[in-house]
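Summary of the model geometry
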Amino acid sequence: MINFESPASGPVFMNEDKKKYCIGLGVTGGIAAYKAIEVLRLLQRAGCDVKVAMTSHAAEFIRPLTFRALSGHYVLVDDYDPGNPDPIAHINFSQSIDLFLVVPATANTLAKFANGIADDFVSSTYLASTAPVMVAPAMNSLMWDHPATRRNIERLKYDGVMFVEPVSGELACKTVGTGKLEDVENITAQVLEALGGAGANERVSDLTAESFLITVGGTREAIDPVRFITNHSSGKMGFAIAAAAFERGAKVTVVAASTSADAPSGPRIVRVESARDMYRAVISEIDGATVYVGAAAVSDYRPKNEAATKIKKKDMDEMTLELEKTDDILAEVANSRKNGQIIAGFAAETTNLIEYAREKLLKKDLDIVVANDITQEGAGFNTDTNIVTILTKGVDEPESLPLMSKRELADQIIDRIVKIRNAG
Ligand code: CTP
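Description of the structure in this document. (Residues numbered from 1 in each chain as written. Predicted model: local features only at pLDDT ≥ 70, side-chain atom pairs only at ≥ 80, totals over all residues. Heavy atoms only, no water.)

**A closer look at the layout of surface pockets**
Its boundaries defined by the atoms lining it, the second largest pocket holds a volume of some 960 Å³. The wall of the second largest pocket is formed by 39 residues, among which Ala296, Ala297, Val298, Asp300 and Phe346 lie closest to the centre. Looking at the lining of the second largest pocket, the elements with two or more residues in it are β10 (211-216), α10 (236-247), β15 (291-294), α12 (329-335) and β18 (342-349). A total of 4 residues in the lining of the second largest pocket trace back to one element, the largest contributor, which is β18. A class-by-class count of the residues in the lining of the second largest pocket yields 15 nonpolar, 15 polar and 9 charged. (1 Å grid on protein atoms, 1.4 Å probe; cavity = no way out; pocket = protein on both sides within 12 Å on 5 of 7 lines; lining within 4 Å. Points joined across faces, edges and corners; volume = space filled by probe spheres on them. Helix = DSSP H or I, 4+ residues; strand = E, 2+ residues; numbered from the N terminus. Nonpolar A, V, L, I, M, F, W, Y, C, P; charged D, E, K, R; others polar.)

See the structure below:
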């Protein structure tokens, strides 16, 4: 039996026999509403049952049918809808959940919650629920900073509402500031933490015998002391694999070049700049690894002669850079692999995805190639999601996976690594 003490209410109990938490997911009307889909799927993966309630404005962004299909539950938008199977849904819904999570929470919804206004299903559920409440706000930064919103937030925190604070970044209105919805992985992690971490631990610790070495990010190849050649890699995919492997019990070392994503806490991080630095770091770490994942976007070429001082434009009207090939780290690791080492690589392509990915699998002698077409929406650099096809050594058919969060995909990739290990 797990006991929640919410300052706003009495204790709430969860039946241990259920083995699952039931999350009430409130979706309100903001552009970030689509991210609630990923939160739902991540919570399901962590063993939670998720029931969705939406405001009518949220239903303008995402159709309730999407949530219904994914959650397997009727989606509540209007208590009085004749199609609603439950005549007192806001009471029954609010009493059947272990936590009420609102993603995204608009300024309007926060204002309603703070003032006890219950004029839609989500705000009625808030009032009728005795479960702990967590909100993940997302809004324009001026609305977030407005004294009225600040007052409402203060009030809600006083009432015991937990906040997944928005982060700073580019907002839907093209301005930059605080108000962007926190990463879906972090929202899910905070929910699981609030629930006592039980959901997070449901996946077995199946990697306790493995040591992962993972390369992440985009390398920087210096032209002179101020300029370099690089690429769009954010490090999100590699860090997600590192976080997943660590959570599943592996020892994890990450060799990270330039990244804009936050590094996970837990894995050991070795920072590098160039392809040459990365090569050296990998070679010095590889003996201790049982699994190598080459998730970095390593520059294939570097300037042949790095200028010792800043190149001045007044000296020339045109400039030609002579480039030389870098070492292929992945190929080198595969070429000198030790007994039992499993080696996975990535193939980011714009054309002939399967053909090029298979070529990499065979030529570099890899166990797995994770291939993605970066021209597809929702796939590729700097997104929270990816759409990939996985090619495995000895398996004829490539396996195409649907759009999913990079964190979810990380577990999928690891599941395949575990399968290879178990097959000997
Ligand atoms: N890789 C590496 N070292 C390099 C280049 C790439 O380890 N110098 C790794 C990447 O981490 C990734 C995989 O190789 O796992 C990508 O394969 P690659 O054939 O190098 O792809 P591209 O760099 O995209 O090259 P190409 O233009 O041939 O497709």
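Additional details are given in the paragraphs that follow.
**Re the pairing of strand β21 (residues 389-392)**
Neither face of β21 is left uncovered, since the one carrying Thr389 and Leu391 and the one carrying Ile390 and Thr392 both have all their residues buried. In the sheet, strand β19 (residues 368-373) pairs with β21 via 4 bridges, with the strands oriented antiparallel. Residue pairing for β21: Val370 is matched across the bridge by Ile390. The turn linking β21 back onto strand β22 (residues 399-400) is made up of 6 residues, and Gly394 within it adopts a positive phi angle of 80 degrees. (Buried < 20%, exposed > 50% of the residue type's maximum accessible area, 1.4 Å probe, protein only. Pairing = 2+ DSSP bridges.)

**A look at the sheet that holds β10**
Sheet strands pair by backbone hydrogen bonding; their relative direction is either parallel or antiparallel. As summarised here, the arrangement of the 8 strands in space is β14-β13-β10-β15-β18-β19-β21-β22, forming an open sheet in which the pairing is mixed. Here the strands that pair on one side only, and so sit at the sheet edges, are β14 (268-271) and β22. Strands in contact with helix α11 (residues 275-285) are β10, β13 (251-256), β14 and β15; relative to β10, the strand with the most contacts, it is inclined by about 180 degrees. (Contact = heavy atoms within 4.5 Å. Axes fitted to C-alpha atoms, helices over the stretch in contact; angles between N-to-C directions.)

**Some details on a nonpolar patch on the surface**
Together, Tyr301, Met316, Met319, Leu321 and Leu323 make up a nonpolar patch on the protein surface, roughly 430 Å² of accessible area in all. Secondary-structure assignment places Leu323 in strand β17 (residues 323-325). (Patch = residues over 30% accessible without salt bridge, like charges linked within 9 Å, V, L, I, M, F, W, Y side chains within 5 Å. Areas by Shrake-Rupley, 256 points an atom, 1.4 Å probe, with all protein chains shown as cover. Salt bridge = Lys/Arg side-chain N within 4 Å of Asp/Glu carboxyl O.)

**A word on α10**
A rise of 1.5 Å per residue sets the reference length of α10, with its 12 residues, at 16 Å; its end C-alpha atoms lie 16 Å apart and thus fit the reference within 8%. α10 sits mainly inside the fold: 9 of its 12 residues count as buried. Of all the positions in α10, only Met237, Gly238, Phe239, Ala240, Ile241, Ala242, Ala243, Ala244 and Ala245 are classed as buried. Looking one or two places after α10, you find Gly249, whose phi comes out positive at around 100 degrees. (Expected span 1.5 Å × (residues − 1).)

**A look at the environment of Ile241**
Secondary-structure assignment places Ile241 in helix α10. Taking relative accessible area as the criterion, Ile241 reaches 0% and is therefore assigned buried. Ile241 sits 167 residues away from Glu408 along the chain, and the two C-alpha atoms are 9.2 Å apart.

**Structural notes on the packing of aromatic side chains**
With the rule as written, the count across this model stands at 2 aromatic pairs. Ring centres 5.5 Å apart and planes at 80 degrees place the aromatic pair Phe93 and Phe121 in the edge-to-face group. Taken as a pair, Phe93 in helix α4 (residues 89-95) and Phe121 in helix α6 (residues 121-128) lie far apart in primary sequence, 28 residues in all. Each member of the pair, Phe93 as well as Phe121, carries the same accessibility label: buried. With a centroid separation of 4.1 Å and an interplanar angle of 5 degrees, the aromatic rings of Phe113 and Tyr126 are classed as stacked. Within this pair, whereas Phe113 is found in helix α5 (residues 107-115), its partner Tyr126 is found in helix α6, the two being separated by 13 residues in sequence. Taken individually, Phe113 and Tyr126 each receive the classification buried, so the pair is uniform in this respect. A cation sits over an aromatic face here: Lys157 above Phe163, 5.3 Å from the ring centre. (Phe/Tyr/Trp six-rings, centres within 6.5 Å; stacked < 30°, edge-to-face > 60°. Lys NZ or Arg CZ within 6 Å of the ring centre and 35° of its normal.)

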